Amino acid sequence: MNKVAVVSGSNKGIGYAIVRGLCKQFNGDVILTSRDESRGREAVSSLEKEGLHPKFHQLDIEDASSIEQLKEHLVQNYGGLDVLVNNAGFAFKQAATEPFSEQAEVTVRINYLGTLAVMKAMMPILRSGARVANVSSLAGSYAFQKCSKPLQSKLQAADTIDAVTDLMTCFVQSAKNNTLETEGWPSSAYGTSKLGLCMLSSIIQKHFDADSTRSDIIINACCPGHVDTQMTDHMGSKTIDEGAETPLLLALLPPNVSEPRGQFMTEGKIEDWMKYEFNF
Ligand SMILES: NC(=O)c1ccc[n+]([C@@H]2O[C@H](COP(=O)([O-])OP(=O)(O)OC[C@H]3O[C@@H](n4cnc5c(N)ncnc54)[C@H](OP(=O)(O)O)[C@@H]3O)[C@@H](O)[C@H]2O)c1
């Protein structure tokens with residue numbers, strides 16, 4: 001059976017460029033996924049015009065049955081999964097008029113809970129040597145640094161998936177109760193959801209490290225940089241192909257590397273996301 005790579009949210013933006021890069025560099029099938037089938041198939045056609053041959057499968061990371069169908073497809077046709085890039089993500093615009101409580105709920109539901117649902121479904125079918133790249137953001141580092149010291153300690157002490165999920169749930173509840181400030185949370189739904197994603201990556205790496213039935217499975221988180229996509233209203237300075245570079249590096253890590261493992265990378269470099277120094 002062929003090896004296989006899956007990229008979530010790849011009908012446009014950085015995910016689309018990650019598929020393009022994998023089609024050129026990955027030795028196996030590459031599956032472009034999209035929550036909307038017609039947008040996904042259009043993206044596949046457009047890459048075909050470049051002489052590339054991605055496959056298509058529908059995937060809505062908020063929909064358990066959609067995730068399950070993709071998993072079944074992978075098991076039936078490939079017997080497992082070799083590369084997973086959790087790229088799908090969402091951010092409200094600065095000018096959004098939805099109340100912050102709603103923004104917090106929706107953003108955590110997509111970026112954190114949706115990605116976690118895909119991870120939980122795919123973890124059992126990842127083969128030895130598999131690579132997972134979670135497309136997070138330096139906004140997660142920034143959000144962490146804006147948390148109160150007691151909350152930072154709680155976040156640092158969270159060492160299970162459930163503990164991180166509980167904290168994400170607390171953030172949403174706190175936004176609903178209007179107690180973000182007293183509970184020490186930052187006022188960024190996007191940043192907090194990405195903070196959760198950074199935490200997940202190191203915790204899940206420990207699960208794989210303790211798995212005696214499979215070897216050399218590596219998961220990392222990354223920031224693609226500030227990229228010219230719909231999410232940034234095309235204000236980012238990087239092209240989508242430049243934004244895809246770090247996620248691709250993580251998706252294509254050679255066998256048995258000692259690092260990065262369960263870490264965070266931006267601009268091709270490993271960084272301690274909790275202590276990242278912002279120059280602004
Ligand atoms: N652009 C930047 O500067 C930047 C910086 C840091 C991190 N990131 C991260 O990079 C990733 C890609 O962002 P981008 O800039 O390429 O954004 P984008 O152009 O808005 O693309 C986002 C992709 O995610 C998909 N998506 C959203 N909700 C989904 C769901 N429930 N299920 C499946 N797919 C879903 C979108 O599908 P639809 O087309 O159907 O909406 C789209 O394909 C995101 O995780 C983002 O947070 C981006």
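Everything here concerns the structure above.
Starting afresh in each chain, residues are numbered from 1 along the sequence in its written order. Reporting of local features is limited, given that this is a predicted model, to residues whose pLDDT is at least 70; pairs of side-chain atoms are given and counted only at 80 or more, and all residues count toward the totals for whole chains, interfaces and linings. For the side-chain quantities, the full set of heavy atoms in the structure was used; hydrogens and water were omitted.

### A short note on the environment of Lys-93
At step 1: Inspection of the secondary structure assignment puts Lys-93 in the loop between strand S4 (81-86) and helix H4 (100-122).
At step 2: Look at Lys-93 and you get partly exposed, because its relative accessible area is 35%.
At step 3: Separated by 79 residues in the primary sequence, Lys-93 and Ile-14 place their C-alpha atoms 18 Å from one another.
At step 4: Between two residues, a contact is recorded if the distance between any of their heavy atoms is within 4.5 Å. The residues touching Lys-93, leaving out its near neighbours within four places in the chain, are Gln-230, Met-231 and Asp-233.
At step 5: For the purposes of these results, a polar contact is taken to be a pair of N or O atoms within 3.5 Å, where, inside protein, one atom must be able to donate a hydrogen and its partner to accept one; residues adjacent in sequence count only when each atom of the pair is a side-chain atom. At 2.7 Å, the side chain of Lys-93 and the backbone oxygen of Gln-230 are in polar contact. A helix here means a DSSP run of H or I that spans at least four residues, while a strand means a run of E at least two residues long, and both kinds are numbered starting from the N terminus. Think of it in three bands: residues with accessible area under 20% of the maximum for their type are buried, residues over 50% are exposed, and the middle band is partly exposed, with areas taken using a 1.4 Å probe on protein chains only.

### Observations regarding the environment of Gly-114
At step 1: Along the chain, Gly-114 falls in helix H4.
At step 2: Under the relative-accessibility criterion, Gly-114 is labelled buried at 2%.
At step 3: Counting along the chain gives 52 residues from Gly-114 to Glu-62, while the straight-line C-alpha distance between them is 5.0 Å.
At step 4: Setting aside its immediate chain neighbours within four residues, Gly-114 contacts Ile-61 and Arg-109.

### Observations concerning the nonpolar core
At step 1: For our purposes a nonpolar core is just a set of buried Ala, Val, Leu, Ile, Met, Phe, Trp, Tyr and Cys residues, chained together by side-chain atoms within 4.5 Å. Judged by nonpolar contacts, the single largest core of 59 residues is most densely connected at Leu-74, Leu-81, Met-122, Leu-155 and Leu-195.
At step 2: No other element matches H4, which puts 10 residues into this core.
At step 3: Discounting chain neighbours no more than four positions away, the residues touching Leu-195 are Gly-140, Ala-143, Phe-144, Cys-147, Leu-155, Met-168 and Trp-273.
At step 4: Ranked by size, the runner-up nonpolar core spans 30 residues in total, among them Ala-17, Ile-18, Leu-32 and Leu-253.

### Some words on helix H5 (residues 138-146)
At step 1: The complete set of buried residues in H5 reads Leu-138, Gly-140, Ser-141, Ala-143 and Phe-144.
At step 2: In this structure, the buried side of H5 is in contact with helix H6 (149-157), helix H9 (189-209), strand S6 (218-223) and strand S7 (264-266).
At step 3: Sitting at the amino-terminal end of H5 is Ser-137, which places a side-chain oxygen 2.9 Å from the backbone nitrogen of Ala-139.

### Quick look at the pattern of salt bridges
At step 1: Any carboxyl oxygen of Asp or Glu within 4 Å of a side-chain nitrogen of Lys or Arg constitutes a salt bridge here. What the rule picks out here adds up to 12 salt bridges.
At step 2: Between Arg-127 and Asp-82 there is a salt bridge whose closest N-O contact spans 2.9 Å. Of the two residues, Arg-127 sits in strand S5 (residues 126-135) while Asp-82 sits in strand S4, which places them 45 residues apart along the sequence.
At step 3: A relative accessible area of 6% means that Asp-82 is categorised as buried.
At step 4: In this structure, the salt-bridge partner of Lys-176 is Glu-105, at a minimum N-O distance of 3.1 Å. With Lys-176 in helix H7 (residues 161-177) and Glu-105 in helix H4, the pair connects residues that are 71 residues apart, well separated along the chain.
At step 5: Its relative accessible area of 42% is what places Lys-176 among the partly exposed residues.

### Focus on the sheet that holds S7
At step 1: Here, strands pair whenever DSSP counts at least two bridges between them. Pairing is mixed across the open sheet formed by 8 strands, whose spatial order is S3-S2-S1-S4-S5-S6-S7-S8. Edge positions in the open sheet fall to strand S3 (55-58) and strand S8 (269-271), since each of these has one partner strand only. Going from strand to strand, the sheet's axes swing by 25 degrees on average, the running direction of each strand aside.
At step 2: The pairing of S6 with S7 spans 3 bridges and is classified as parallel. Looking across to S7, one finds that Cys-223 is bridged to Thr-266.
At step 3: To obtain each axis, a line is fitted to C-alpha atoms, and for helices this fit is confined to the stretch in contact; angles are then taken between N-to-C directions over 0 to 180 degrees. Each of strand S1 (4-7), strand S2 (29-34), S3, S4 and S5 is contacted by helix H3 (residues 64-78), which is oriented at about 145 degrees to S3, the strand it contacts most.
At step 4: Lying over the sheet, H9 contacts S5, S6 and S7, oriented at roughly 165 degrees with respect to S6.

### Re the pairing of S4
At step 1: The element S4 is extensively covered by neighbouring structure, given that 6 of its 6 residues are classed as buried.
At step 2: As defined by bridge partners, S1 adjoins S4 across 3 bridges and the pair is classed as parallel. Residue pairing in the sheet places Val-6 in a bridge with Leu-84 of S4.
At step 3: Note: S4 against S5, 5 bridges, orientation parallel. Within S5, the residue paired with Val-85 across the bridge is Ala-133.
At step 4: Crossovers are described as right-handed under a simple rule: with the strands pointing away from the observer, the path leading from the first strand over the helix to the second runs clockwise. As for the winding sense of the linkage, the β-α-β connection from S4 through H4 to S5 is right-handed.

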